[in-house]
Every structure is written in C-alpha cells, then in structure tokens.
Amino acid sequence: MAAIKAINSKAEVARAQAALSVNICTTRGLQDVLRTNLGPKGTMKMLVSGAGDIKLTKDGNILLHEMQIQHPTASLIAKVATAQDDITGDGTTSNVLIIGELLKQGDLYMSEVLAQNSGYDLQETLVKVQVEHSESKQPVGIDLNTGEPMVAADAGVWDNYCVKNQLLHSCTVIATNILLVDEIMRAGMSSLKG
C-alpha cells in the first residue's frame, strides 16, 4: 500500500534548507525587535492597535502578547517566552534573545557539518567556500560530488537564492519601520519636554 501525501493547495511548500533559512531569519527578526528593550536602559516601543490605541512599553511579555505574529516558528518562540514570564514573572526578552542566538550559531555551523558529512577536509573546504564567496559576491554552497565550492545560481539552485533575497529585502523594510517608530518616539518625547 502506497503512502498518501495530502498537501493543502493554498499552503506554501519550501525545501528543508529554504524553510530553515526562513525560520532562522524570522527568529533573528524577532530577536532584533526585542534586543533594544533589554535592561534598564532599553528603549520603549510604541504599539498602535487597529483602533488607534497607543501603548508605550519595553516589557517583552507585553510586546509579544500585543504583536500579531503570523509566522509559525516566531509564534512558537513567542509562546515559549511568554510562558517563561507566566511561570517566573520575568525572562521573556532574554528567552527570545537566547533562542535567536542559538539558531544563529547553528546556522554558522551548518556548512561545517555539511563539509564533514560529505567526507571532504573541513578546513580546506570552508576556505575554498569563503574565497569563492568573496570573489563572486554570490551565495556559495558545496558540490557534494566534488567537494568544490559552487555558486548556487550557476548550479540552478534558485528557490533558496530567491528566498534569501526576499528575506534580506523584508529585513530591511522591517528595520526601516522600527527605526521610524523610534524616531516618532523621540519626537514625541522631545515635544513633551519642550
């Protein structure tokens, strides 16, 4: 009997590496949003609801509860972090920062593991990949048949390349919007003082 695989026709399907890249970038985006409000000198964030209500806070728990997070991985991280706060009364922002850093470090070691698992000399392969990337200024991977670096676009690997380009674009848009909110906050605070 053959296995049946049903896929929602409206669902987006991504390869494992592309999905992992999206998850890591999403987590890093969430980490970047919360990083600036950590500690006593953390910056306040302004939340505007659909009804126009404004909240000023730097509490990670409130931010995560109020944000409308759509991405499943980011939503899961937010639930874990807010559960931490519900149990201990603190640690929401720290939890998100630690998870983001763990995924970031894991992403750095993936190319090393790929080289090791392919049976090629780890150090030599990584040096070749870094040289190829610096020369071509394009995403570079490892050809598992030869152990040599390859430019992803030249090898016909487009989905990962397109996903990363879209992610980089989205991250800059998000960062611009966050900086805009910070500018509005500064203008509002200076108008209150003056």
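A brief look at the structure comes next. Keep in mind that what you see is a predicted model, and the values were worked out from it rather than measured.

1. Some thoughts on the overall build of the protein
Stage number 1. Regarding its fold elements, the protein presents 6 helices and 4 strands.
Stage number 2. Reading the protein from its N end, one meets helices and strands in the order α-β-β-α-α-α-α-β-β-α.
Stage number 3. Here the contacts in the protein between residues at least 6 apart in sequence split such that 45% fall between residues at least 24 apart.
Stage number 4. Surface accessibility of the protein: about 13,200 Å² in total, with carbon and sulfur atoms responsible for 58%.

2. Regarding helix α3 (residues 72–88)
Stage number 1. Relative to the 24 Å expected for 17 residues at 1.5 Å per residue, α3 spans 24 Å between its end C-alpha atoms, a close match to the ideal helical length.
Stage number 2. Residues of α3 that are buried include every one of A74, S75, I77, A78, A81, T82 and D85, and no others. For α3, the buried positions fall inside an angular range of 160° around the axis, keeping them on one side. Turned more than 90 degrees away from the buried face of α3, the exposed residues are P72, L76, K79, D86, I87 and T88.
Stage number 3. Positioned one or two residues after α3, G89 has a phi angle of 85°, which is positive.

3. Regarding the nonpolar core
Note that soluble globular proteins tend to have their nonpolar side chains buried in a common cluster.
Stage number 1. One finds L30, L34, L47, L63, L64, A74, I77, A78, A81, V96 and I99 forming the largest nonpolar core, which totals 11 residues.
Stage number 2. Looking at this core, the elements that each hand over two or more residues are α1 (16–35), α2 (60–66), α3 and α4 (92–117).
Stage number 3. With 4 residues, α3 is the single largest residue contributor to this core.
Stage number 4. In contact with I77, not counting residues within four places along its chain, are T27, L30, V96 and I99.

4. Considerations on the pattern of salt bridges
Stage number 1. As enumerated under the stated definition, the model contains 5 salt bridges in all.
Stage number 2. When the shortest N-O distance is used, the salt bridge between D32 and R35 registers 2.7 Å. Taken together, the positions of D32 and R35, both in helix α1 and 3 residues apart, correspond to about one turn of that helix.
Stage number 3. Since its relative accessible area comes to 41%, D32 is described here as partly exposed.
Stage number 4. Because the salt bridges share partners, they merge into one network encompassing E124, K128 and E148.

5. Digging into a nonpolar patch on the surface
Stage number 1. Side chains of M44, V48, I54 and L56 sit close together on the surface and give an oily, nonpolar patch of about 370 Å² of accessible area.
Stage number 2. Note on placement: V48 falls in strand β1 (residues 45–48).
Stage number 3. Residue V48 is classed as exposed on the basis of its relative accessible area of 53%.

Calculation criteria
- Residues numbered from 1 in each chain as written.
- Predicted model: local features only at pLDDT ≥ 70, side-chain atom pairs only at ≥ 80, totals over all residues.
- Heavy atoms only, no water.
- Helix = DSSP H or I, 4+ residues; strand = E, 2+ residues; numbered from the N terminus.
- Contact = heavy atoms within 4.5 Å.
- Areas by Shrake-Rupley, 256 points an atom, 1.4 Å probe, with all protein chains shown as cover.
- Expected span 1.5 Å × (residues − 1).
- Buried < 20%, exposed > 50% of the residue type's maximum accessible area, 1.4 Å probe, protein only.
- Arc of directions from axis to C-beta.
- Core = buried A, V, L, I, M, F, W, Y, C linked by side-chain atoms within 4.5 Å.
- Salt bridge = Lys/Arg side-chain N within 4 Å of Asp/Glu carboxyl O.
- Patch = residues over 30% accessible without salt bridge, like charges linked within 9 Å, V, L, I, M, F, W, Y side chains within 5 Å.

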